[in-house]
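Listed below are the residues making up each chain.
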Amino acid sequence: MQDRKIPLAWLLLTRQPLRLLVAIAGICFAGILMFMQLGFRDGLFDASVTVHKLFDADLVLVSPRSMSSISMSGFPRRRLIQAMAHKDVIGTTPVNWNFLLWRNPQTLSTRAILALGFEPGSPLLIDPNFAEKAQSLKNSGRVLFDDLSRQEFGPVPEWFSEGRIVETEVAGKRVRVAGLVSLGPSFGADGNLITSRETFLKLLPSNPPGSIEIGLVRLSAEADHEKVLRSLAASLPNDVKVLTRQEFIDFEKNYWRTSTSIGFIFTLGAAMGFVVGCVIVYQILYSDVSDHLAEYATLMAMGYRLRTLFGVVAREGIFLAVLGYVPAYLSGQALYALVRSSTKLPVAMDPQRTFLVFFLILFMCMASASVAMRRLVDADPADIF
Amino acid sequence: MPLNFANDLETNVPTVQIDGLSHWFGMGNTRKQVLYSVSMKIDPGEVVLLTGPSGCGKTTLLTLIGALRRVQKGELSVFGLQLRNSRRKTRQIIRRNIGMIFQGHNLLRCLTAEQNVQMGADLLKNLSYRKRRKLSRNWLVEVGLEDQMEKLPHDLSGGQKQRVAIARALSASPRLLLADEPTSALDSVTGREIVSLLKRLAIEQKCSVLMVTHDPRILDVADRLLKMEDGMILPVVE
Ligand SMILES: Nc1ncnc2c1ncn2[C@@H]1O[C@H](COP(=O)(O)OP(=O)(O)OP(=O)(O)O)[C@@H](O)[C@H]1O
Ligand SMILES: [Mg+2]
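Residues numbered from 1 in each chain as written. Chains lettered and ligands numbered in written order. Predicted model: local features only at pLDDT ≥ 70, side-chain atom pairs only at ≥ 80, totals over all residues. Heavy atoms only, no water.

Brief notes about helix 6 (residues 188-205) of chain B
Residue and element names in this part refer to chain B.
Thought 1: Here helix 6 spans 25 Å end to end across 18 residues, near enough to the 26 Å set by a 1.5 Å rise per residue.
Thought 2: When we look at burial in helix 6, the residues that qualify are T190, G191, I194, V195, L197, L198, L201 and A202. The buried residues of helix 6 occupy one face: seen down the axis, they fall within an arc of 160 degrees.
Thought 3: Turning to helix 6, the residues buried within the fold contact strand 6 (98-101), helix 4 (129-142), helix 5 (158-171), strand 7 (176-180) and strand 8 (208-212).
Thought 4: Positive backbone phi, approximately 55 degrees, marks K206, located one or two places after helix 6. (Helix = DSSP H or I, 4+ residues; strand = E, 2+ residues; numbered from the N terminus. Expected span 1.5 Å × (residues − 1). Buried < 20%, exposed > 50% of the residue type's maximum accessible area, 1.4 Å probe, protein only. Arc of directions from axis to C-beta. Contact = heavy atoms within 4.5 Å.)

A closer look at the packing of aromatic side chains
Residue and element names in this part refer to chain A.
Thought 1: Taken as a whole, this structure holds 15 aromatic pairs over all chains when the rule is applied.
Thought 2: A centroid spacing of 6.1 Å and a plane angle of 20 degrees characterise the contact between F274 and F363, whose relative ring orientation is stacked. Of this pair, F274 sits in helix 9 (residues 262-291) while F363 is found in helix 12 (residues 351-377), placing the two residues 89 residues apart along the sequence.
Thought 3: A relative accessible area of 19% means that F274 is categorised as buried.
Thought 4: Of the aromatic side chains, those joined through ring pairs into one cluster are F35, Y325, Y329, Y336 and F358.
Thought 5: If you follow R111 out to its NZ or CZ, it ends over the ring of F153, 5.8 Å from the centre. (Phe/Tyr/Trp six-rings, centres within 6.5 Å; stacked < 30°, edge-to-face > 60°. Lys NZ or Arg CZ within 6 Å of the ring centre and 35° of its normal.)

Considering the sheet that holds strand 4 (residues 73-78) of chain B
All names here are of chain B.
Thought 1: Strand order in the open sheet formed by four strands is 2-1-4-5, with antiparallel pairing between adjacent strands. Two strands in the sheet have a free side with no partner beyond their single neighbour: strand 2 (32-42) and strand 5 (81-82).
Thought 2: Across five bridges, strand 1 (residues 16-25) lies against strand 4 in antiparallel orientation. Residue pairing for strand 4: Q17 is matched across the bridge by S77.
Thought 3: Sitting on the sheet, helix 1 (residues 58-65) touches strand 1, strand 2 and strand 4, and the angle it makes with strand 1 is about 120 degrees. (Pairing = 2+ DSSP bridges. Axes fitted to C-alpha atoms, helices over the stretch in contact; angles between N-to-C directions.)

Some thoughts on the domain arrangement of chain A
Residues and elements named next belong to chain A.
Thought 1: Taken as a whole, chain A is organised into domain 1 (8-47 + 261-384) and domain 2 (64-239).
Thought 2: For domain 1 and domain 2, the distance between their C-alpha centres works out to 48 Å.
Thought 3: Contacts between domain 1 and domain 2 engage five residues on the former and seven residues on the latter.
Thought 4: It is L44, A47 and K344 in domain 1 that bury the most area against domain 2; as a group they hold 75% of the surface buried on that side. (Domains from an automatic or database assignment. Buried area = accessible area lost by both parts, 1.4 Å probe.)

Quick word on the state of the cysteines
Thought 1: What the rule picks out here adds up to zero disulfides over all chains.
Thought 2: We note that C110(B) lacks a disulfide partner, and the nearest cysteine sulfur, in C365(A), lies 19 Å from it. (Disulfide = S-S within 2.5 Å.)

Considerations on the pairing of strand 7 (residues 173-181) of chain A
Residues and elements named next belong to chain A.
Thought 1: Summarising the sheet, strand 5 (residues 142-146) and strand 7 pair through five bridges and their orientation is parallel. Residue pairing in the sheet places V143 in a bridge with V177 of strand 7.
Thought 2: Looking at chain direction, strand 6 (residues 167-170) and strand 7 are connected through four bridges and run antiparallel. By the bridge assignment, E169 is partnered in strand 7 with R174.
Thought 3: The hairpin turn running from strand 6 into strand 7, its antiparallel successor, is two residues long, and A171 in that turn takes a positive phi close to 50 degrees.

Next comes the structure, spelled out in structure tokens:
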């Protein structure tokens, strides 16, 4: 019975193409704003753990005094040897972690770079090609440079690929680039380098030789990670904290989420987009209903129910949401690509955000539509005679 | 009283039955009576014309019959359904069975002639989209607009718009047509044509007609002529 009808909502909307275009542009703008703000927020949190995600570890030991990657405290390296005693632990890697000053070999200006020091013989990263590159670190004073580091560290990857010998200073001491790795800048670090513990301790002589910042623990394939974690936590002194790989990642993300206003700022930005969108959609729908009030009144006089007319306005809201969302989504994709290439932040369209923004836009349109519907009640069919 | 569905309204009652209907506009000091105990009756199939000087309450009476205003005092029943203290649903059923033709035609600007007519046909239950569409086209052919179906009201002349409005009113198979000065915006030839068309179609549909007009040239289409003055219906002079 209630099958096909004239697409009244659509025809009402498209009657004034210019106004429709303004509406779509407005919603689209709000959508882009939300995509960008939420994208930056999640991207920054993700970016804070670019390096964390690359470690070859099942469990990670850190000092309980460590707050985040930019303020790591040391703990005795012995704890790793003690952890080895557990039957499920098949390997460990002690890692030093600190920020050192890197001199740009071209401009000679200095900048803090995240330096990781480890034993070149033991596994550090999941990347299977890494072990071979690590061999070159066995000579003292050699470093592997992260070719995704920001430009400010100098044209190191280019020079190295050209076959030049790249030498510069780290923490005031001469080093030579022995190879390139790909890690990626993170929120706390604009660039990274990897070196041997021996070189690391030479660059940073104040670091006590028996102290490390993180300890990577690898477990046998059949081990129950949670169980091993509990037993290690129980047996090791409380100058170390045992985390799973995921907890290690979350520990870093949480720092940025809770101890900085980044989350708040970007969420606020997204909320602004939402409010702006609401105002625009409301304006458009309200003036649309007002413009067509006589026509709505005519329909009521003809015997259409108020509910049917509410439905027309609601459908206008849905059309606006979809029409505004599609270009917002496409622009979002394009802008994400731009952000990725210019800032190297891992910003991408994930399904969760895709749905969230669509839902917000739909909500925005429906909320505005339901307020605009109130105007319909003013349509007095007696006025049109 | 049990509510009837649109299709099985009783047919052997007067289409409109009015007894002692009074109406006021405004509140308090500015309250002003515009209808004084009006009584009248329209039988099924009757064509009644209503004339009278400006401001005597003709439009008010029409909107009351059309269930567009609340009845304040007196009895008013349409298709046997009492309108005083009526429920929203009752008013909606009555409106559905009334075709209204307004002075300002009131077509939907964003719809073509055909779509405008179909907004009327869409009120019919139990008809498929195809049938409703066909019905609308037939009505446009009936009013002589077979070549203008795809045009927007903007591109139609006054007479053509009024024809579309008639087709729209008739496409919902009304049992009563209410027309408020449907010819006032038209020249006399077109006006005459429109009124004759209305009458012919109404007779074919067994539809009662109540038409307000100032136009003395069209009085002859009426079965009955009612004169109004100062909110009262004058006694009929044969
Ligand atoms: N909404 C309203 N509020 C207040 N007064 C009204 C309203 N509508 C009509 N009136 C008054 O009621 C009286 C009757 O109006 P009505 O429109 O019924 O007259 P009419 O017979 O249709 O006149 P016309 O021939 O000029 O259309 C007029 O004096 C008018 O001023
Ligand atoms: Mg009038």
